[in-house]
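Observations on the three-dimensional arrangement
The residues making up each chain are set out below.
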Amino acid sequence: MSDEKRQVSRRQFLNYTLTGVGGFMAAGLLISPVRMAIDPVLKHDEGGDFANAGIAIDDITADPQRIDWTIDQVDGWYESEVTRSAWVYRNDDDEIVAFSPICKHLGCVVSWEGNDDYPDQYYCPCHDGRYYKNGVNVPGTPPLQPLDVYEQEERDGMLFLGKIQPHEEA
Amino acid sequence: MKWTSVDLQKYDQAKEYIDTVIVPLAPFQIGILEASAKNADQYDILTLFSRELEKELMGRIMLAPTYTYIAAAEKSEEVKRLNGWTNHFKKQPFKQVLYISFDPSWRKIASDLEGEFIWLPTASLKDADPAAVKGIIRDQTMQTVELIKSFW
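These notes cover the structure that comes with them. This structure is a prediction, so every number in the text was calculated from the model and none was measured. (Residues numbered from 1 in each chain as written. Chains lettered and ligands numbered in written order. Predicted model: local features only at pLDDT ≥ 70, side-chain atom pairs only at ≥ 80, totals over all residues. Heavy atoms only, no water.)

This part is about the environment of B:Trp119. Residues and elements named next belong to chain B. Note that tryptophan 119 resides in strand β5 (residues 116–119). Taking C-alpha positions, tryptophan 119 is 10.0 Å from leucine 25, a pair spaced 94 residues apart along the chain. Not counting residues within four places of it along the chain, the set of residues in contact with tryptophan 119 comprises Ser101, Phe102, Asp103 and Pro104. There is a polar contact of 3.0 Å between the side chain of tryptophan 119 and the backbone oxygen of phenylalanine 102. (Helix = DSSP H or I, 4+ residues; strand = E, 2+ residues; numbered from the N terminus. Contact = heavy atoms within 4.5 Å. Polar contact = N/O pair within 3.5 Å; in protein donor to acceptor, adjacent residues only side chain to side chain.)

The following block contains the structure:
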């Protein structure tokens, strides 16, 4: 019976305790670096980058129209309201396209039919840059790339616009 | 383009395209409350407005730092100094130097200036709500853009 009682010797007891305490300490030290290492995986993409552009899907026509909306931009601890603009229209395949109005040449703001000599084109007042209705730059004018496109989404019948991306086709 | 290191680098690579300098002119004083406060408000609006203008036409204009002067100063002295600025810009070379201001007293001596003077009617934004301010600034910007285009 006495053998049964002494199943855990003093040496074993100390071993177990030390291993346990050491394990806790190691875990405590490791947990923050591990959390940091796997952080990118845990970050969820909330899609919060999309903002209400303030136009109903049904109001978008084949004629490009300029829309302005504001987004809250957080820059570190500094939060500010930034105005964004886009030209939106419905293309021949009945898809909605939203172009960034920033000229790909030197960054002026282009406008649809901004020059009477060039109907059905986007026109940049700075250096006569032009783009066709599908956003592709007119060869021979200063811009060398088509207009950038906004990522878009429909929510409750309203148009939501997100990040600016390079034009895919052409 | 603005007068920042980032924009100056861009300017350096595209000098031949950026041929216009915009210089906002703003009077200031610290004295009689009413007049000083008015100058201060106008200074704010002018800053806001010139930034909008720059955003719209950034590929062809360089926005210079605001030229400030004491409201009661002798204008003929200011003209000399301002022409010094203009000569400095034209050496770059910039082809056009445009001054924008809410101060109508420049009008009388505008012919002595070596750049073009554009007077803007004052927009009172004091009591307007932020959305309305945006609209007013935007309207005035677009009209001034049209005016600037006529110089090109």
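And the narrative resumes.
This paragraph deals with the state of the cysteines. All names here are of chain A. Across all of its chains, the model carries one disulfide over all chains by this definition. Each disulfide pairs two cysteine sulfurs, and for cysteine 108 the partner residue is cysteine 126, the sulfurs being separated by 2.1 Å. The chirality of the disulfide connecting cysteine 108 with cysteine 126 is left-handed, given an S-S dihedral of about -95 degrees. Of this pair, cysteine 108 sits in the loop between β4 (96–99) and β5 (111–112) while cysteine 126 is found in the loop between β6 (122–124) and β7 (129–131), placing the two residues 18 residues apart along the sequence. On the basis of relative accessible area, cysteine 108 is assigned to the buried category, the value being 1%. When its relative accessible area of 2% is taken as the criterion, cysteine 126 is described as buried. Cysteine cysteine 103 remains unbridged, with the sulfur of cysteine 124 as its closest cysteine sulfur at 3.7 Å. (Disulfide = S-S within 2.5 Å. Buried < 20%, exposed > 50% of the residue type's maximum accessible area, 1.4 Å probe, protein only.)

To continue, consider the packing of aromatic side chains. Two aromatic rings, taken as a pair, are described by how far apart their centres are and by the angle between their planes. Considering all chains together, one arrives at 12 aromatic pairs over all chains under this definition. Ring plane angle 70 degrees and centroid distance 6.1 Å describe the contact between A:Trp87 and A:Tyr122, whose orientation is recorded as edge-to-face. In this pair, A:Trp87 sits in strand β3 (residues 78–90) while A:Tyr122 sits in strand β6, placing the two residues 35 residues apart along the sequence. A:Trp87 sits in the buried class, given a relative accessible area of 9%. Grouped by ring-pair contacts, the aromatic residues B:Tyr11, B:Tyr67, B:Tyr69, B:Trp85, B:Phe89, B:Phe94 and B:Trp106 constitute a single cluster. (Phe/Tyr/Trp six-rings, centres within 6.5 Å; stacked < 30°, edge-to-face > 60°.)

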